[in-house]
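Structural description and commentary
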Amino acid sequence: QVQVVESGGGLVQAGGSLRLSCGASGSTCSIYAMGWYRQAPGKERELVAFITHGGTTRYADSMKGRFTISRDNAKNTITVYLQMNSLKPEDTAVYYCYAETWSNKYWGQGTQVTVSS
């Protein structure tokens, strides 16, 4: 089992920055990737970015150059960060962190990001 907890959302003006954090605990040795999805009101959940155990990163096209995902491995926890710069009103959404093992995907509770124009 893996537990996932996000933090760092909030309200920011357009052009501003936020950093989201996501901590995974439990059977962290089984995690091969962690990342973020987001879901705006009335829209489907979409992938934002992910980072693999080996450090490979991928971003959705609309986030490239603005968002950066990084990872910090400790003894029993993995923390993943999403640095979001040049935020736009269309980035407003609930951001969900996940941790993926070979058999399951574990989700956090979500954190709200609101970008005002």
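Here's what I pulled together on the structure shown here. Because the structure is predicted, anything quoted here is derived from the model rather than measured. (Residues numbered from 1 in each chain as written. Predicted model: local features only at pLDDT ≥ 70, side-chain atom pairs only at ≥ 80, totals over all residues. Heavy atoms only, no water.)

Brief notes about the state of the cysteines
- The final tally for this structure, using the stated rule, is one disulfide.
- In this model, Cys22 is linked to Cys97 through a disulfide, with the two sulfur atoms separated by 1.9 Å. An S-S torsion of about -85° defines the bridge between Cys22 and Cys97 as left-handed. Of this pair, Cys22 sits in strand β3 (residues 18–26) while Cys97 sits in strand β9 (residues 93–101); the two residues are 75 residues apart in sequence, bridging distant segments of the chain.
- Considering cysteine sulfurs only, Cys22 is the nearest to Cys29, which forms no disulfide, with 17 Å between them. (Disulfide = S-S within 2.5 Å. Helix = DSSP H or I, 4+ residues; strand = E, 2+ residues; numbered from the N terminus.)

Considerations on the pairing of strand β7 (residues 67–73)
- Pairing geometry for β7 and strand β8 (residues 77–84), over seven bridges, is antiparallel. If you follow Arg71 over to β8, its bridge partner there is Val80. (Pairing = 2+ DSSP bridges.)

Quick notes on the pattern of salt bridges
- Scanning all chains against the criterion turns up four salt bridges.
- Ionic pairing is found between Glu46 and Arg38, a salt bridge with its closest N-O pair at 2.6 Å.
- Glu46 sits in the partly exposed class, given a relative accessible area of 34%.
- Taken together, the salt bridges that share partners define one network made up of Arg38, Glu46, Arg66 and Asp91. (Salt bridge = Lys/Arg side-chain N within 4 Å of Asp/Glu carboxyl O. Buried < 20%, exposed > 50% of the residue type's maximum accessible area, 1.4 Å probe, protein only.)

A word on the environment of Leu11
- With respect to the element layout, Leu11 can be found in strand β2 (residues 10–13).
- Placed 90 residues apart in sequence, Leu11 and Thr101 show a C-alpha to C-alpha distance of 32 Å.

A word on the nonpolar core
- Ranked by internal contacts, the top residues of the largest apolar core, which has 30 residues, are Met34, Trp36, Val48, Phe67, Leu82, Met84 and Tyr95.
- Elements that contribute at least two residues to this core include exactly β1 (2–7), β3, β4 (31–39), β5 (46–52), β7, β8, β9 and β11 (111–116).
- In this structure, Val48 is in contact with Trp36, Tyr37, Arg38, Arg58, Tyr59, Ala60, Met63, Phe67, Leu82 and Tyr95, ignoring residues within four places of it in sequence. (Core = buried A, V, L, I, M, F, W, Y, C linked by side-chain atoms within 4.5 Å. Contact = heavy atoms within 4.5 Å.)

Focus on the sheet that holds β1
- Ordered by their spatial adjacency, four strands build an open sheet running β1-β3-β8-β7, and the pairing between neighbours is antiparallel. A single partner strand is all that each edge strand has here, and the edge strands are β1 and β7. Averaged over all adjacent pairs, the angle separating strand axes in this sheet is 15°, with direction ignored. (Axes fitted to C-alpha atoms, helices over the stretch in contact; angles between N-to-C directions.)

Brief notes about the environment of Tyr95
- You can see Tyr95 is positioned in strand β9.
- Residue Tyr95 is classed as buried on the basis of its relative accessible area, which comes to 0%.
- Here the alpha-carbon distance between Tyr95 and Arg38, two residues 57 residues apart in the chain, equals 4.2 Å.
- Contact partners of Tyr95, with chain neighbours within four places excluded, come to Glu6, Leu20, Trp36, Tyr37, Arg38, Val48, Phe67, Leu82, Met84, Gly110, Thr111 and Val113.
- Among the polar contacts made by the side chain of Tyr95, one reaches the side chain of Arg38 at a distance of 2.9 Å. (Polar contact = N/O pair within 3.5 Å; in protein donor to acceptor, adjacent residues only side chain to side chain.)

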